[in-house]
Every structure is written in C-alpha cells, then in structure tokens.
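The chain contents come next:
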Amino acid sequence: GAGVSQSPRYKVAKRGQDVALRCDPISGHVSLFWYQQALGQGPEFLTYFQNEAQLDKSGLPSDRFFAERPEGSVSTLKIQRTQQEDSAVYLCASSLSAASTDTQYFGPGTRLTVL
Amino acid sequence: AQSVAQPEDQVNVAEGNPLTVKCTYSVSGNPYLFWYVQYPNRGLQFLLKYITGDNLVKGSYGFEAEFNKSQTSFHLKKPSALVSDSALYFCAVRGAYSSASKIIFGSGTRLSIRP
C-alpha cells in the first residue's frame, strides 16, 4: 500500500518568503507528526496531531511556524518569513493510533533551502 | 527528561563480519525503543522496536537488537554485514508515561560496510 508522501521534495526559498509543505499520511492513520532534521543530526520533534486536533506543538521553534490538519488527513506545515536557519529537511510521519507503542512511518521529507 | 545517546558517529565493518551499532537511553518509567535506517535522500525506514517481552528483538533485513535494562542500552546487531547495509542508523526512545508525541532520536551512526 501507499506510504507517507510529502511534497514538494525540494524547495528553495528566498529569505523572507513564506513556504508551505504538504504531508499525505497513510490512509486511516490517526496520528501525524512533523520533525525537523538538520544536516548531520537526528530528527527533532516539531508538532503532533491526533486526527484534526493539534495536541502538541511544543517543538515549533517560533511563531513563524504553523501546522494544520483540518480534516484529520492531509497536513500542511507553513513557515512564514523564512530565515536561513530554517534550512533543513522536514519529515512527516504517521502512526495508526494514538498509542505510545505504535510505530511511526516516515515520508521521504522535504528539503528546504533558504537563500 | 528523555534522551538517547549514540556514542559512535561512524562504524566501519568488513562485509561478512558481525556489526554492532550502540545506543543508550534515559527515560522515566519503562522505555519504548526503536531503530530506524535512513538512506541518502530518503526518509527514515523502521527496522524494529522493543515494547515489552523478550529482550532480543528481531527486525527487518536480518537486524536484531538487544534490550538491556541494567545497562540502559539497546544495541543494534547483525551477524553478517552486507555492503547494502551502509546507511545512517537512528535509535529512538519514548517513555511509557510520556505523551504519544514525545519520541526522541539519537544523533545517528553512519554505518559503512566495505567489500
């Protein structure tokens, strides 16, 4: 079956531009996660949705970052007024339920480069 | 606070030899432990997880990991390495009493298998 998909795969933005990154989770998955992965580092948690509810946004680095999942399926991560330090790979993951034991399945990521 | 340590940035092994990628963790309560692999320009692929039960967990591609509670370790192992195992490996932990969102990744270990 289809896995998690993300688009675009690559995004180049000029500093100050707004960007929107899309995640299509595995069909029927309740939980959706966004991570930021800097070069040479492990993924760092940004935010978590259970269905359409954003239950944890403690990892969002600033108020320029905003995420939504209005119908409990597709999610969008928006970054306003991008800065060079926002350059990273943004990973989306989904899991079947809200259980802590569930495996998270990751998409291929969006590589964001801010010039 | 939860944390994961992967003490080796890089592990080099000859093809056909056994390999070990080390991981230690710190978490309140019982840990849920995961291993993921990342190939270039790809997202993270799930290898295996420990939730409860047998300390030796078997996963994809012939990998296994041993949970050691007294040493707070969850080392990844494979009896005979393949060149195709060369990739970046991440250990991750979530505490049983933490919220569903809080999964913490290590900084990664690059595994290089020489022919």
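Residues numbered from 1 in each chain as written. Chains lettered and ligands numbered in written order. Predicted model: local features only at pLDDT ≥ 70, side-chain atom pairs only at ≥ 80, totals over all residues. Heavy atoms only, no water.

1. With respect to the overall build of chain B
For step 1, the next point in the chain: A tally of regular secondary structure across chain B gives 0 helices and 12 strands.
For step 2, the next point in the chain: Moving toward the C terminus, one meets the helices and strands of chain B in the order β-β-β-β-β-β-β-β-β-β-β-β.
For step 3, the next point in the chain: Seen along its three principal axes, the alpha-carbon backbone of chain B occupies a region of about 45 × 30 × 20 Å.
For step 4, the next point in the chain: Across the 115 residues that make up chain B, the buried fraction comes to 47%.
For step 5, the next point in the chain: Carbon and sulfur atoms form 48% of the exposed surface of chain B, whose accessible area is close to 5,300 Å². (Helix = DSSP H or I, 4+ residues; strand = E, 2+ residues; numbered from the N terminus. Buried < 20%, exposed > 50% of the residue type's maximum accessible area, 1.4 Å probe, protein only. Areas by Shrake-Rupley, 256 points an atom, 1.4 Å probe, with all protein chains shown as cover.)

2. With respect to the overall build of chain A
For step 1, the next point in the chain: A tally of regular secondary structure across chain A gives 0 helices and 11 strands.
For step 2, the next point in the chain: Taken from the N to the C terminus, the helices and strands of chain A come in the order β-β-β-β-β-β-β-β-β-β-β.
For step 3, the next point in the chain: The C-alpha radius of gyration of chain A comes to 13 Å, within 12% of the 13 Å expected for a compact globule of 115 residues.
For step 4, the next point in the chain: Reported as C-alpha extents along the three principal axes, the dimensions of chain A are approximately 40 × 25 × 25 Å.
For step 5, the next point in the chain: For chain A, with 115 residues in total, the buried portion stands at 46%.
For step 6, the next point in the chain: For chain A, the proportion of contacts with a sequence separation of at least 24, taken over those separated by at least 6, is 53%.
For step 7, the next point in the chain: Here chain A displays about 5,500 Å² of accessible surface, and carbon together with sulfur accounts for 48% of that area.
For step 8, the next point in the chain: Side-chain charges in chain A split into 11 positive and 11 negative, and the spacing between the mean points of these groups amounts to 9 Å. (Rg over C-alpha atoms; globule rule 2.2 N^0.38 Å. Contact = heavy atoms within 4.5 Å. Lys, Arg positive; Asp, Glu negative; His and termini not counted. Charge placed at Lys NZ, Arg CZ, Asp CG, Glu CD.)

3. Considering the side chain of Asp 85 of chain B
Residue and element names in this part refer to chain B.
For step 1, the next point in the chain: Take Asp 85: it is sitting in the loop between strand S9 (73–78) and strand S10 (87–95).
For step 2, the next point in the chain: We classify Asp 85 as buried; its relative accessible area is 4%.
For step 3, the next point in the chain: One polar contact links Asp 85 to Lys 78, side chain to side chain, over a distance of 2.8 Å. (Polar contact = N/O pair within 3.5 Å; in protein donor to acceptor, adjacent residues only side chain to side chain.)

4. Looking at the side chain of Asp 56 of chain A
For step 1, the next point in the chain: Inspection of the secondary structure assignment puts Asp 56 of chain A in strand S6 (residues 53–56).
For step 2, the next point in the chain: A polar side-chain atom of Asp 56 of chain A sits 2.7 Å from a polar atom in the side chain of Ser 58 of chain A.

5. Concerning the state of the cysteines
For step 1, the next point in the chain: According to the stated counting rule, one finds 2 disulfides over all chains in the structure shown.
For step 2, the next point in the chain: Disulfide partner of Cys 23 of chain A: Cys 92 of chain A, at an S-S distance of 1.8 Å. Of note, the bridge from Cys 23 of chain A to Cys 92 of chain A carries an S-S torsion of about -65° and is left-handed in sense. One end of the pair, Cys 23 of chain A, is in strand S3 (residues 19–24); the other, Cys 92 of chain A, is in strand S9 (residues 88–95), with 69 residues separating them in the sequence.
For step 3, the next point in the chain: Between the sulfur atoms of Cys 23 of chain B and its disulfide mate Cys 91 of chain B the distance is 2.0 Å. Because the torsion about its S-S bond is -65°, the bridge between Cys 23 of chain B and Cys 91 of chain B counts as left-handed. Separated by 68 residues along the polypeptide, Cys 23 of chain B in the loop between strand S3 (19–21) and strand S4 (24–26) and Cys 91 of chain B in strand S10 bring together distant segments of the chain. (Disulfide = S-S within 2.5 Å.)

6. A word on the sheet that holds strand S1 (residues 5–7) of chain A
Residue and element names in this part refer to chain A.
For step 1, the next point in the chain: Pairing is antiparallel in the open sheet, where 4 strands are placed in the order S1-S3-S8-S7. Edge positions in the open sheet fall to S1 and strand S7 (65–68), since each of these has one partner strand only. Here the strands of the sheet are splayed against their neighbours by 15° on average, with no regard to which way each runs. (Pairing = 2+ DSSP bridges. Axes fitted to C-alpha atoms, helices over the stretch in contact; angles between N-to-C directions.)

7. Examining the nonpolar core
For step 1, the next point in the chain: Ranked by internal contacts, the top residues of the largest apolar core, which has 27 residues, are Leu 19, Trp 35, Leu 47, Leu 48, Phe 74, Leu 76 and Tyr 89 of chain B.
For step 2, the next point in the chain: Those elements giving two or more residues to this core turn out to be strand S2 (10–14), S3, strand S5 (31–38), strand S6 (44–50), strand S8 (64–68), S9, S10 and strand S12 (109–114) of chain B.
For step 3, the next point in the chain: At 4 residues, the largest contribution of residues to this core is made by S10 of chain B.
For step 4, the next point in the chain: Excluding anything up to four places from it in sequence, Leu 47 of chain B contacts Trp 35, Tyr 36, Val 37, Gly 59, Ser 60, Tyr 61, Phe 63, Leu 76 and Tyr 89 of chain B.
For step 5, the next point in the chain: Ranked by size, the runner-up nonpolar core spans 19 residues in total, among them Val 19, Leu 21, Phe 49 and Val 114 of chain A. (Core = buried A, V, L, I, M, F, W, Y, C linked by side-chain atoms within 4.5 Å.)

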